[in-house]
Structures are given as structure tokens and as C-alpha cells.
Amino acid sequence: MGDTLEFNEIYQEVKGSWNDGRLRFSKQNVVYKSSKTGKVDNIPAGELNLAQWRRVCLGHGIKLSTSSGHVYKYDGFRDTDFEKISEFFKVNYKVELSEKDMCVKGWNWGTAKFSGPLLSFEVNESTAFEVPLSNVSQCATGKNEVTLEFHQNDDTEVSLMEVRFYVPPSQSDERQDPVEAFAENVLSKADVIQATGDAVCIFKELQCLTPRGRYDIRIYPTFLHLHGKTFDYKIPYTTVLRLFLLPHKDQRQMFFVISLDPPIKQGQTRYHFLILLFSKEEDLSLTLNMSEEDVERRFEGKLSKNMSGSLYEMVSRVMKALVNRKITVPGNFQGHSGAQCITCSYKASSGLLYPLERGFIYVHKPPVHLRFEEISCVNFARGTTTTRSFDFEIETKQGNQYTFSSIEREEYGKLFDFVNAKKLNIKNRGFKEGMKGKIDEYSDSDEDQHDAYLERMKAEGKIREEGNDTDESDAESDESFNPGEEDDDIAEEYDSNASASDSSEDGDDSDDDSAKKKKPKKVKVVKEKKERKPRKEKKKQKDTGGPKRPMSAYMLWLNSSRERIKSENPGISITEISKKAGEMWRQLGKDEKEEWDTKAGEAKRQYDKAKKEYKESGGGVATSSSKKESKKSSGKKDEKKRKSAGGDKDKERGGGNDSFKSKEFIETSESSSDSDHKSKSKRKKAKKESEEEEEEAVSTPASSEEDSD
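This structure is a prediction, so every number in the text was calculated from the model and none was measured.

Peer 1: Explain the overall build of the protein here, please?
Peer 2: Along the protein, the regular secondary structure elements total 15 helices and 31 strands. For the protein, with 709 residues in total, the buried portion stands at 32%. Look at the contacts in the protein between residues 6 or more apart in sequence, and 45% of them connect residues 24 or more apart. Approximately 48000 Å² of the protein is accessible, and the part contributed by carbon and sulfur atoms is 47%.

Peer 1: How should I be thinking about the sheet that holds strand β13 (residues 145-150) in this particular structure?
Peer 2: Sheet strands associate in pairs through backbone hydrogen bonding, adopting either a parallel or an antiparallel arrangement. Here three strands make up an open sheet; going across it, the order is β12-β13-β14 and the pairing antiparallel. Only two strands of the sheet have a single partner each, and these edge strands are β12 (136-142) and β14 (162-166). Sheet twist, expressed as the mean angle between neighbouring strand axes with direction ignored, is 15 degrees. Here five bridges tie β13 to β14, and the two strands are oriented antiparallel to one another. Bridge pairing in β14 places Val-146 opposite Phe-165. Strand contacts of helix α2 (residues 178-189): β12, β13 and β14, with the helix running at about 170 degrees to β12, the strand carrying the most contacts.

Peer 1: Explain unusual backbone geometry to me, please; I cannot follow it from the model alone.
Peer 2: Peptide bonds are trans in most cases, and residues, glycine excluded, mostly fall at negative phi. That bond from Thr-210 to Pro-211 is cis: its omega, -5 degrees, falls within 30 degrees of zero. Mapped onto the fold, Pro-211 is located in the loop between β15 (201-210) and β16 (213-219). One non-glycine residue, Lys-94, lies in the positive phi region at around 60 degrees. Mapped onto the elements, Lys-94 comes out in the loop between α1 (81-93) and β8 (97-100). Here the phi dihedral of Asn-124 falls at roughly 55 degrees; this positive angle occurs in a residue that is not glycine. Among the structural elements, Asn-124 can be located in the loop between β10 (118-123) and β11 (126-132).

Peer 1: What should I look at first to understand the pattern of salt bridges in this one?
Peer 2: Oppositely charged side chains may form a pair once their charged atoms are brought near each other. Counting across every chain of the model gives 18 salt bridges. For Lys-63, the salt bridge goes to Glu-130, with nearest N and O atoms at 2.9 Å. With Lys-63 in strand β6 (residues 59-66) and Glu-130 in strand β11, the pair connects residues that are 67 residues apart, well separated along the chain. Here the two residues Lys-63 and Glu-130 agree in accessibility, since each one is buried. Each of Lys-33, Arg-371, Glu-373 and Glu-374 takes part in a single network of salt bridges with overlapping partners.

Peer 1: Help me understand the side chain of Thr-396 in this model?
Peer 2: The topology assignment puts Thr-396 in strand β30 (residues 389-396). On the basis of relative accessible area, Thr-396 is assigned to the buried category, the value being 4%. The contacts of Thr-396, once residues within four sequence positions are left out, are Leu-370, Glu-374, Ile-375, Ser-376 and Tyr-402.

What counts, and at which threshold
- Residues numbered from 1 in each chain as written.
- Predicted model: local features only at pLDDT ≥ 70, side-chain atom pairs only at ≥ 80, totals over all residues.
- Heavy atoms only, no water.
- Helix = DSSP H or I, 4+ residues; strand = E, 2+ residues; numbered from the N terminus.
- Buried < 20%, exposed > 50% of the residue type's maximum accessible area, 1.4 Å probe, protein only.
- Contact = heavy atoms within 4.5 Å.
- Areas by Shrake-Rupley, 256 points an atom, 1.4 Å probe, with all protein chains shown as cover.
- Pairing = 2+ DSSP bridges.
- Axes fitted to C-alpha atoms, helices over the stretch in contact; angles between N-to-C directions.
- Salt bridge = Lys/Arg side-chain N within 4 Å of Asp/Glu carboxyl O.

Below, the structure written as C-alpha cells:
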């Protein structure tokens, strides 16, 4: 058997809710750590005096009692775990793990026993249920009756509000009322906040960020009392999880943060953190409301009756002594500006993110504390609004994601080194080329890992720094052609007079210098034009003089049956006739269709015979040649018309022609008559030319026919 036993998913009941965690049995102690809050129960092995194995709702559980009177209960074990746990307890703790049966009869009449911080209700010497007295918030008595009220837990769906016990009168001891005795036993261990006696010390008008306002803080031996103008809060020291002392970025103020579980309530609002803001320059002289002997006996040198110093030091020192917890301060992290925090935004509110030795804490609205052990991975993302900042995303093992945005780019290197040193899993980490895919995610050497985002940020910074200095050089080295700009080479390439360019006017030395400076232009490659495919020939035109094509069998039948269909269906339309005829033709038998098929075949033979005779007589060739010649003549005619019309327009547009008259010119009688005479003669000439062309066109087909004959 090994030196330790470890169990995962072990549950602890806290005010009606089950919190899971990890339990470890070692030779020196028993350690349980809650996954939700991170709170650690450390039980020294020498203090264990009782161990019970019980059957509970979540399988099996262990109840441990110590010599100091504390009781711890852990559930979620399996039946097979009993033997190895029992053997481990015998060997290392010298304690026997005994099995204890629970009463499941459901009786409500039994015996109430007080054993340390538990109220046990037993039926026939078997435990029916147990009530942790630390969950009791109030105890009220009546005639033969005691009422217990409990603290409420927001994490539970169903909460137990109160339990009433009927206590019968006792005849044996008349000096003490049994109801009062029962109530005294409950109140001695109950978590009932009663401001009895004087406060140990009072801090007046402290600035509080959450809950917002100024409060007088009265320090009592068992609880903390916040007294404000509107609200009062009483905070038991048992609900304090952690204490933080954080320096502000301006180095002139300090945050003192108190983590609470369960949180303090105001209506529907829950405050999980109490944040106080102090100025470093504010000092205080404090005197405790206790004798020096009581201070020495109670606080064992942690406090003295008279103390003086900075206000934040006095508050943190008193809280540390009363709560008996360490104060967490920032570790070795130092940002770009030298501060131990990073300015960022969370949920549209600006605040400060503090990298600690075992987690991150963000103040102040809303406060967030994330432990490294509950972080699944972190991610460095580019800022959405500007490249001058980036986002830091944290994803927890429970699936929650926290995004801290608007972090300055200069903080990236410091934050990345911190995260890498703490062996946190970085989601978007890049790797060097040639490295294997499986790399230890927890390696803390920054040199072995290639951070693509860091290099990209550095490259962008260099580009921006060089951008202002290299505007002129970029303009000179730009090879792209801008049509709007004047360039010497453009004149040499495109102008007809290449010698007129400015480069030729300079001397030989300038030509050599310019040739060295300017980069040689790429030679343009002229692509050869692909040969076009020949156009498809147009469809042959019908020969109107030839014999007509024969009808099909259906068309012959339709012509003979059309009148019969009309008579049988009076008022039928043409389209309906064709539909009706199609249906009738499909219904005809083979014998009836053969008659019309033979008629169609006879018509086809006659058509072939007539077409052969027509081609032998040369009918089709003559018509095609006449059509071609008529097309040629008409083409020539149109071409002449276009030429004549174009010549007239050129004469009218020509500036040196005498016949041209502008709109502003006022015509005289002589000029108008001359122009009219000239235009009439032109019209006659054009008319004669058109008549001669028409006569040629008419005579051309006739001569061709005679030649063919």
C-alpha cells in the first residue's frame, strides 16, 4: 500500500448544497480541497479520534471527528473503497473505521443528542439525521417547543427554512427548564450573530467600492459589522475565504479585498467581494478595546494594544489576526509601465487585472477572482477596435469564459512570459517549423515555443515606425503605372516624336545616372491573335418553284376528317379540333392506319418523281443564280448611295467650301438662289444615276436566262 490515498469527486455538504472536491489521505494529515471555492480542510493525523463508514444518498460516506471537537463529513465513496481505507487508517492513523447504520424507519420521535457542532436525532440508538449547528441562524423557544431557523444558500434549488422540536417536560430536574437547556446547547454552537459587548476596534468613514459608499467598520471577536447611512451588514469571519492587499496603478492608493462565501445580500444583489480603497498617505493611531493580557493571550503577538501606521496597514493587520488567514499580495509580475497590474476592460467597465502567484484578480466592477487550478486555457486575441490593443481571454474548466479587453500592446510580452512561466495552457500558441506535433503544454521555456502572434505584433510595429520615413522612397520605387501622372518614359513609348522627351535634352552624364537609378521596364509581349473559325453557312432558302412536299398519313386523315369533327362538335375552336383529332388518331386500329399509310407512301413516290424531273430541267439552279445576281446588284446600288450621301455630308461639313453657311449667316437673295440652283442640279444628277442602275438590275437576270437557254 502506498503512502497516500487520493479520491476524486468527493462531495461535502455546505448549507444544503453538494460541493465536489478532492480528498487525500496521507501519513501526516487528511486534506480536502473544494473545487468550487478552493478552500482547504487540513486535518492533522494526530487529532483524529473517530472514523465512521456510513451509507448515504451519494453512495457511502466517512465521518471524521477530531480531539478539538470538529466534525468533518465526506460523501461519494464506492462500496469497494471500504477495505483499502480501513486498512490505511489502521496502519497510519491507528484508528478503526467502524460501520454505522442509519435509521430509515421515518419515525419523528426519538432522542436529541449534542455532540460537538452537531445535533443528532436518534431513533433506537441509530442516527436518523444530523443538523450542523453552524447552519443555524436563529433559535426561538416556546412552551415545550424549540424552533431552529437556518441560513439560506443561493446555490440550492430547495432550502430548509426551519425545524421545530417538541421537548416534553421533565420531572426529574425541576431546577432547569428542558426547553431552555435545549436552546442554550443550540446557541452555544450556532452561527447566530449577536452584537454583545463592545467592539474590539472601530474604523470610521472608510471608502468602500463594493458595496458602494462610506461605512464605519466595527470589529467584533466573531464577526465584522459594516454600518452605513442606508444599510448595515454583519459578516461572520467564518464566511471569509481570502484577503488581498493590492497596490493601485498610480502608486498612491491601495485596494483591500475581502472574498466572501456565502456573499452578503442586499435585496436581489449579491456581493461576493468587499473592496476597500485607501490612500497611502492616510495614517492612524489605533488602540484596541482589550487589556494587554487579553490581547497577548488571544492574538499571540500578532496584535498589540497600541498600534500606529498607515490606515490600510492597520485594517489589514487586524483582519489577518481575527480571520486567521494569510493576505495575498501581487507576486513578481511587473507590467510595461512598472506597475504590478494591467489596465483593461471587463464587461464595458475599465479596471485593473492583477496577475498573482496562484491566480488572477480583477477589480473592481464586477470583481473577478480566477485560480490557476480552475483555468482550462488562456487565449491572446487581436483587439476588435484597434491594433494598438489586444484581448486576454480566460476559459475555466466549468466552461465559463472571461474576456479582458483593451490591453495595451506593450503589455503583451510581459503577460505572455508570466502565463508561460505559470505553465498555463495557451490556446493559440504557434510552433516552429520542423517541431513535432505533440509538445509538452506545460513547458515553461519561452525559447522552445514559437509565438506567432508576438512576432506579428512586432512586425506591425516596425512597419508603422518606418511608414512615416519611407513615404518618398516608396513613391520612387513604385512600378505601377498611374495614367494621371506625367512620366518621361511614357512620352518615349507612346509619342510619335520620341526625341521630344525631357530625358534626351539632358547630357550624357544625366542619361547614365537616370539609367542607373531607374529600374529597367519589362518588355511587353504581344500575344498572337488566334485565327477565327469560319462562319457556319446559312440555311438554304426554299425553292418556291419546285414541287411541294407530300403530307404524312396523319395529315391526310385529318384533312378528310376535319368536316366530320366540326359537325359532331359544333362551335369547337381550331386548337380543340387538333386535340380532338390527335385523340381520335391514337384510337384508330392498325388496319385503318394502314390505309392512310399506303396513301402517304404513294404521295411520297409521286413527290420524288416530280422533284427528279424538276432538277433535270434545271429549275433549282436558275433560281439560285438569279437570286445571287440580284443581291449583288442591290449591294452595289446601296454602296453608291452611301458614297453619294457621305460626299454631300463632307461638303456640307468642310470649312473651306463656299456652299457652307453657318446658322448665324443671314442669306441674301443672290446667295440663296445660287444655292438652290446648285442643289436642284445635284438632285437631277443623282436621280439619273439611280434610274440607270435600276435598268441594269432589271436587264441582268433576263440576259442570264437567255444564256442558260
